[in-house]
Structures are given as structure tokens and as C-alpha cells.
Amino acid sequence: MMRHRCSFFVARWRQGAPALRHLLFGTLTSLLFLIVSPAFAAPTEPISKTHTEIPPATDLAADGAWSKTTRKPILLYFERRECPYCVRAQRYLESVAQSRRDRARFRRIEADRADLPLIDFQGNPTHHAAFARVMKGTLTPTVVVVDGDGKPLAPPLIGLPDESFYSYYLEQLIEDGEAQLQHAANR
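Below: a short report on this structure. All residue numbers refer to position in the chain's written sequence, counted from 1. Per-residue local features of the predicted model are confined to residues with pLDDT of at least 70, and side-chain atom pairs are confined, for both listing and counting, to 80 or more; whole-chain, interface and lining totals are unaffected and use all residues. No hydrogens and no water enter the side-chain calculation; it runs on all heavy atoms of the structure.

Below, the discussion takes up the overall build of the chain. Counting from the N terminus, the helices are the DSSP runs of H or I reaching at least four residues and the strands are the DSSP runs of E reaching at least two. If you tally the helices and strands in the chain, you get six helices and six strands. Counting only residues that meet the buried cut, the chain has 34% of its 187 residues in that class. The contact rule is simple, with two residues in contact once any of their heavy atoms fall within 4.5 Å. Here the analysis covers contacts within the chain between residues at least 6 apart in sequence; of these, 65% occur between residues at least 24 apart. The accessible surface values rely on the Shrake-Rupley method and a 1.4 Å probe; as for residues, cover is taken only from the protein chains in view. A total accessible area of about 12,000 Å² is found for the chain, and carbon and sulfur atoms account for 59% of it. Each residue gets one of three labels from its accessible area relative to the maximum for its type: buried under 20%, exposed over 50%, partly exposed in between, using a 1.4 Å probe on protein chains only.

As C-alpha cells, this is what we get:
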């Protein structure tokens, strides 16, 4: 008797009720997607725990004084909260900051944050968004190497041109900044 009832439902399933079939298939597919998708989600933490987070800039006048004393450049990293390329660029920057922290000071400027206070290189109070406009760092990600007065030492690195060489570009930017500072010191 039970077998007869099951075959009745199977026969109804095959011959009709296409809307029910689509609904059931869609529900099962959605449920499977919800179960499986967290396994494929992008990691929300940095790739390695050894990476150094780039601190937000708060007092660039103090950073400038450090740069003048040590004759080392300051690397300014301009980002936005909703910039997917910034997240990828920051991973490379954190890795370079870990290995080159003795050669430059790394600071993050959040170009879309008018609520983050900042002291600029001249000691004037401002905020991150206004400073980004002044430094032409509104197109993100942008990396600029500057001296103690906030003057660029090399052309900025705008965007994420080629991820395979991005770490090299960042290291080259630091080396160019160091060379410019040494050249200025020898004059």
C-alpha cells in the first residue's frame, strides 16, 4: 500500500506541477549555497599574523620632525573604506612595512574620513579627507613617499597596477625616497 502511494506522488511529480518542481529545486539550491558559501568566503584577517598594520596618521608634524632627524622618508598610504583594491594593496603594504620599518615611517590616510582629525606637516589641524585632497590622494589606493616637510620625493604609486610586482614597486618607492633624502643631505 505504501509503495502505491509513493508511486502516485512520483507520477504526479513527473507529469505535472512544474512550478512546484522549480520551487523545490530553487529552495534546495539556495539552502545548499547558504551552507557551502562560508567555506569559500574571502578571509577577513590579513594573510599572515606577522604583518604590521599601518597606523592611521595623527600628527604628521611629529612624523616630519622624525624624518628630518633620521633622514628617512615617510610613506603615506591613501585609502577609502569601500575600496576593494585598497584591501589588496594594504596586504602588500603591511608585508613591506614589516620588512622595511627601519627604513621608513608608514602612515595611513583615510581619504573619505572627514571625522578623523589630523595635524598636517606644518602643524595645522585638519582631517584626513581634506589632507587627501591637498596631497592629491583621493584616487585610491595611492602611495606617496614624502620628506619631513610633506614634499613628495618620488612620483606617487596610484592604483594597483600589477599585483605580481606591487611589493617591488613599494620597495622601489622607499629606495627612491631614501636616495632623494641622501642627495639633499649631501648638498
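Read on for the rest.
Moving on to the packing of aromatic side chains. Aromatic rings from Phe, Tyr and Trp, with only the six-membered ring used for Trp, were paired whenever their centres fell within 6.5 Å, and each pair was classed as stacked if the ring planes differed by under 30 degrees, edge-to-face if by over 60, and tilted otherwise. If you walk through the whole model with that rule in mind, you get five aromatic pairs. One aromatic cluster in this structure is built from Phe78, Phe121 and Phe131. Only when the NZ of Lys or the CZ of Arg is both within 6 Å of the ring centre and within 35 degrees of the ring normal is a charge said to sit over the ring. One residue, Arg105, lies across the ring of Trp66, its end atom 4.2 Å from the ring centre.

Given the number of residues in a helix, its expected span is that number minus one, multiplied by 1.5 Å. Over its 21 residues, helix H6 (residues 166–186) extends 30 Å from the first C-alpha to the last, a length consistent with the 30 Å expected when each residue adds 1.5 Å. Among all positions of H6, only Tyr166, Leu170, Leu173, Ile174, Gly177, Glu178 and Leu181 are buried. What you see down the axis of H6 is that its buried residues fit within an arc of 130°, all on one side. The arc in question is traced by the directions running from the helix axis to the C-beta atoms.

This paragraph deals with the state of the cysteines. Pairs of cysteine sulfur atoms within 2.5 Å are identified as disulfides in what follows. Across all of its chains, the model carries one disulfide by this definition. One disulfide in the model links Cys83 with Cys86; its S-S distance is 2.5 Å. Taking the torsion about the S-S bond as the criterion, the Cys83 to Cys86 disulfide, at about 80°, is right-handed. Under the relative-accessibility criterion, Cys83 is labelled buried at 9%. Here Cys86 falls in the buried class, since its relative accessible area comes to 1%.

So, about the pattern of salt bridges. Think of it this way: side chains of opposite charge can pair up when their charged atoms draw near. Note on definitions: salt bridges are taken to be side-chain nitrogens of Lys or Arg within 4 Å of carboxyl oxygens of Asp or Glu. Across all of its chains, the model carries 12 salt bridges by this definition. In this structure, the salt-bridge partner of Asp149 is Lys68, at a minimum N-O distance of 2.8 Å. Taken together, the residues span a long stretch of sequence, with Asp149 in the loop between strand S5 (142–146) and strand S6 (157–158) and Lys68 in helix H3 (residues 60–70) at a distance of 81 residues. For Arg108, the salt bridge identified is with Glu79, shortest N-O distance 3.1 Å. A residue pair is termed long-range when its members are at least 10 positions apart, and Arg108 in strand S2 (residues 105–110) and Glu79 in strand S1 (residues 74–79) qualify at 29 residues. Several salt bridges share partner residues, and in doing so they unite Glu53, Glu79, Arg108, Glu110, Arg113 and Asp115 into one network.

Nonpolar cores were defined as sets of buried Ala, Val, Leu, Ile, Met, Phe, Trp, Tyr and Cys residues, with membership established by side-chain atoms within 4.5 Å. Judged by nonpolar contacts, the single largest core of 22 residues is most densely connected at Leu75, Tyr77, Leu93, Phe106, Val143, Tyr166 and Leu170. Contacts of Tyr77, omitting those with residues within four sequence positions, involve Ile54, Cys86, Ala89, Gln90, Leu93, Arg107, Arg108, Ile109, Pro141, Thr142 and Val143. Counting residues in hydrophobic clusters, the runner-up holds 14 residues, among them Ala57, Phe121, Met135 and Val146.

A few words now on unusual backbone geometry. Geometrically, the link from Thr140 to Pro141 is a cis peptide bond, its omega value of -5° lying close to zero. Its place among the elements puts Pro141 in the loop between helix H5 (128–134) and S5. Despite not being glycine, Arg71 shows a phi value in the positive range, around 60°. Mapped onto the elements, Arg71 comes out in the loop between H3 and S1. Of the residues examined, Arg71 reaches a relative accessible area of 48% and is grouped as partly exposed. Of note, the phi angle at Lys136 is positive, near 60°, even though the residue is not glycine. Structurally, Lys136 can be placed in the loop between H5 and S5. Residue Lys136 is classed as exposed on the basis of its relative accessible area of 70%.

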